[in-house]
Amino acid sequence: MIQTLAFYLFAALVIASAVMVIMARNPVHSVLWLILAFFNAAGLMVLVGAEFIAALLLIVYVGAVAVLFLFVVMMLDIDFAELRAGFVKNFPLGIAIALVLAAELIFGIGAYQAGQLELGVASGVAAPALDASNTASIGAVLYRDYVFLFEAAGIILLVAMVGAIVLTHRRTENARGQQDISRQVRRNPDEATVMKQPEVGRGVDL
Amino acid sequence: MVDLEQYLPILIFLFVAAALSALFVFLPMGVSRLTGAHKPDAEKLSEYECGFPAFEDPRSQFDVKFYLVAISFLLFDLEASFLFPWAVSLEYTGWTGWSAMVIFLGILAVGLAYEWKMGALDWQ
């Protein structure tokens, strides 16, 4: 009962906030609606028992990806009102793409329920592989059966890291306020100060 | 369907947090309304922020360094989230899983060393 109520609440909020993402005039508001959609999707994931996926949605999507989206929206100096002018013109194309995606989803779920894909139980009920929590089941599969894919994910993350630095990092030479802490610590009074005894009427050579 | 009863304490905490934050917002407003003179005018109600206009176009161009920091955060965030299922499933994966994670962390340590060497972590 309460699960059904919670499901309809989360699902309705996901759809409503997804509609607001494309309807909001201000792109920053769009990103905020997207964050609300992520939160509700996490709620749906909790309802089907995928707690780790729910936590991942919050940690990665809300915590990092949405912030990145905000950055991109704020950094690009684009007149979004002008972009939006093509909304009516591109509407049929958008509908066509949405239909293709929906058809793929229906075919995928159909094949899954027909039992052609051996992903687990054909009824789609979340079935833990072991008598353990969802997180432990994911770990047991990911780090034993799919080790090479996991290492490939590590390589991809490395490539992303290097790519971000190559694309955006500009090394600025002789920047002001560059502080070399080890040089400061290494200084001692003998080489940092000099004693001078200037004669009367003469200056000091520095 | 998952047993939702284990989420009841979180729900209770959420309600307590919402009630407390509402109290922090509305109690001072109510107290000041009841005890002080309430004569608003346009200048009093206008926002004041050190002489700058408080609202302007948010799409000002800013330094790309912020983006680099955000993307590094995203990558290391992902790396850390891979650690959670690994840590709770070590009894099933054993040394295979352990060494897989060590290799994974090694790959990303190479990335961290590269970032450090390129000076991407310096803020100047």
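Remember, predicted model here, so these are calculated numbers, not experimental data. (Residues numbered from 1 in each chain as written. Chains lettered and ligands numbered in written order. Predicted model: local features only at pLDDT ≥ 70, side-chain atom pairs only at ≥ 80, totals over all residues. Heavy atoms only, no water.)

Q: Explain the overall build of chain B residue by residue, including any values.
A: Scanning chain B from N- to C-terminus turns up 4 helices and 0 strands. Tracing chain B from N to C terminus, the helices and strands come up as α-α-α-α. Expressed as a percentage of its 124 residues, the buried residues of chain B come to 20%. With an accessible surface of roughly 9300 Å², chain B has 71% of that area assigned to carbon and sulfur atoms. (Helix = DSSP H or I, 4+ residues; strand = E, 2+ residues; numbered from the N terminus. Buried < 20%, exposed > 50% of the residue type's maximum accessible area, 1.4 Å probe, protein only. Areas by Shrake-Rupley, 256 points an atom, 1.4 Å probe, with all protein chains shown as cover.)

Q: Describe the UniProt feature "transmembrane region" (unreviewed entry) in chain B, and please don't skip the residues or the numbers.
A: Residues and elements named next belong to chain B. Residues annotated by UniProt as "transmembrane region" (unreviewed entry) correspond here to residues 6-27, 66-89 and 95-114. Secondary structure across residues 6-27 divides into 91% helix and 0% strand, with the first and last C-alpha atoms of the span separated by 33 Å. Helix makes up 100% of residues 95-114 and strand 0%, with an end-to-end C-alpha separation of 28 Å. (UniProt positions renumbered as here; feature names shortened; annotations may be inferred.)

Q: Residues and numbers for the interface of chain B and chain A, please.
A: In this assembly, 51 residues from chain B lie in contact with 55 residues from chain A. Taken together, the links from chain B to chain A amount to 0 salt bridges. Where chain B touches chain A, the interface holds 4 residue pairs in polar contact (both at pLDDT 80 or more). Secondary structure elements with two or more residues in the side of chain B that touches chain A: helix H3 (65-88) and helix H4 (90-118) of chain B. Looking at the side of chain B that touches chain A, the element that brings in the most residues is H3(B), giving 18 residues. Its residues assigned to classes, the side of chain B that touches chain A shows 34 nonpolar, 11 polar and 6 charged. (Contact = heavy atoms within 4.5 Å. Salt bridge = Lys/Arg side-chain N within 4 Å of Asp/Glu carboxyl O. Polar contact = N/O pair within 3.5 Å; in protein donor to acceptor, adjacent residues only side chain to side chain. Nonpolar A, V, L, I, M, F, W, Y, C, P; charged D, E, K, R; others polar.)

Q: Any details on the packing of helix H7 (residues 147-168) of chain A against H3(B)? Residues and values, ideally.
A: As a packed pair, H7(A) and H3(B) sit with axes 10 Å apart at the nearest point and diverge in direction by 170°. In terms of their interaxial angle, H7(A) and H3(B) are classed as roughly antiparallel. Here Phe150(A), Ala153(A), Leu157(A), Ala160(A), Met161(A), Ala164(A), Ile165(A) and Thr168(A) of H7(A) lie close against H3(B), whose contacting residues are Tyr67(B), Leu68(B), Ile71(B), Leu75(B), Phe76(B), Leu78(B), Glu79(B) and Phe82(B). A class-by-class count of the residues in the contact of H7(A) with H3(B) yields 14 nonpolar, 1 polar and 1 charged. (Axes fitted to C-alpha atoms, helices over the stretch in contact; angles between N-to-C directions. Parallel < 35°, antiparallel > 145°, perpendicular 65-115°, else oblique.)

Q: Account for the side chain of Ser30(A), with residues named and values stated.
A: Relative to the helices and strands, Ser30(A) is located in helix H2 (residues 27-47). According to the relative accessible area criterion, Ser30(A) is buried, its value standing at 11%.

Q: Let's hear about the packing of helix H6 (residues 134-142) of chain A against H3(B): which residues, and what values?
A: Close contact between H6(A) and H3(B) brings their axes to 7 Å; oriented N to C, the two are set at 95°. With respect to each other, H6(A) and H3(B) are oriented roughly perpendicular. Residues Thr135(A), Ala136(A), Ile138(A), Gly139(A) and Leu142(A) of H6(A) lie in contact with H3(B), whose contacting residues are Phe82(B), Phe84(B), Pro85(B) and Val88(B). Here the contact of H6(A) with H3(B) is composed, by residue class, of 7 nonpolar, 2 polar and no charged.

Q: Go over the nonpolar core, please, and point to the residues and values.
A: In this structure, Val60(A), Ala64(A), Val65(A), Leu68(A), Phe71(A), Ala164(A), Ile165(A), Leu68(B), Ala70(B), Ile71(B), Leu74(B) and Ala120(B) together form the largest nonpolar core, which totals 12 residues. Those elements that place two or more of their residues in this core are helix H3 (51-75) and H7 of chain A together with H3 of chain B. In terms of residue count, the dominant contributor to this core is H3(A) (5 residues). The contact partners of Val65(A), leaving out residues within four places of it in the chain, are Val60(A) and Leu74(B). Tyr143(A), Met161(A), Leu75(B) and Met101(B) belong to the second largest nonpolar core, which has 11 residues in total. (Core = buried A, V, L, I, M, F, W, Y, C linked by side-chain atoms within 4.5 Å.)

Q: Run through the confidence of the model for chain A, naming residues and quoting values.
A: Residue-level pLDDT values for chain A average 81, and 82% of them are 70 or greater. The low-confidence segment residues 122-126 of chain A (pLDDT under 50) makes 6 contacts with residues lying over four places distant or belonging to another chain. (pLDDT = per-residue confidence, 0-100.)

Q: Break down the pattern of salt bridges for me, with residues and values.
A: All names here are of chain A. Following the criterion strictly, the structure yields 2 salt bridges over all chains and no others. Arginine 144 is paired through a salt bridge with aspartate 145; the nearest N and O atoms lie 3.7 Å apart. Take arginine 144: its relative accessible area is 39%, and that puts it in the partly exposed class. Between glutamate 199 and arginine 202 there is a salt bridge, and its shortest N-O distance comes to 3.9 Å. Overall, the relative accessible area of 54% leaves glutamate 199 in the exposed class.

Q: I'd like to hear about the UniProt feature "transmembrane region" (unreviewed entry) in chain A, residue by residue, with values.
A: Residues and elements named next belong to chain A. The positions that UniProt labels "transmembrane region" (unreviewed entry) are, in the present scheme, residues 6-24, 31-50, 56-78, 90-112 and 146-167. A helix fraction of 85% and a strand fraction of 0% characterise residues 31-50, whose end C-alpha atoms lie 25 Å from each other. Structurally, residues 90-112 is divided into 96% helix and 0% strand, and its ends, taken at the C-alpha atoms, are 33 Å apart.

Q: Let's hear about the side chain of Asp77(B): which residues, and what values?
A: Position of Asp77(B) relative to the elements: it lies in helix H3. Sequence-distant contacts of Asp77(B), defined by excluding residues within four places in its chain, comprise Ile59(A), Val60(A) and Ala64(A).

Q: Tell me what's going on with the environment of Asn40(A), and back it up with residues and numbers.
A: With respect to the secondary-structure elements, Asn40(A) resides in helix H2. The spatial distance from the C-alpha of Asn40(A) to the C-alpha of Leu9(A) is 8.7 Å, given a sequence separation of 31 residues.

Q: Tell me about helix H1 (residues 2-23) of chain A, and please be specific about residues and values.
A: Residue and element names in this part refer to chain A. Across its 22 residues, H1 extends 31 Å between first and last C-alpha, which sits within 8% of the 32 Å expected from 1.5 Å per residue. Within H1, the full set of buried residues consists of Gln3, Ala6, Ala11 and Ser17. All buried residues of H1 fall inside an arc of 140° around its axis, so they share one side. For H1, the exposed residues lying more than 90 degrees away from the buried face are Leu5, Tyr8 and Ile15. Elements that come into contact with the buried residues of H1 comprise H2. (Expected span 1.5 Å × (residues − 1). Arc of directions from axis to C-beta.)

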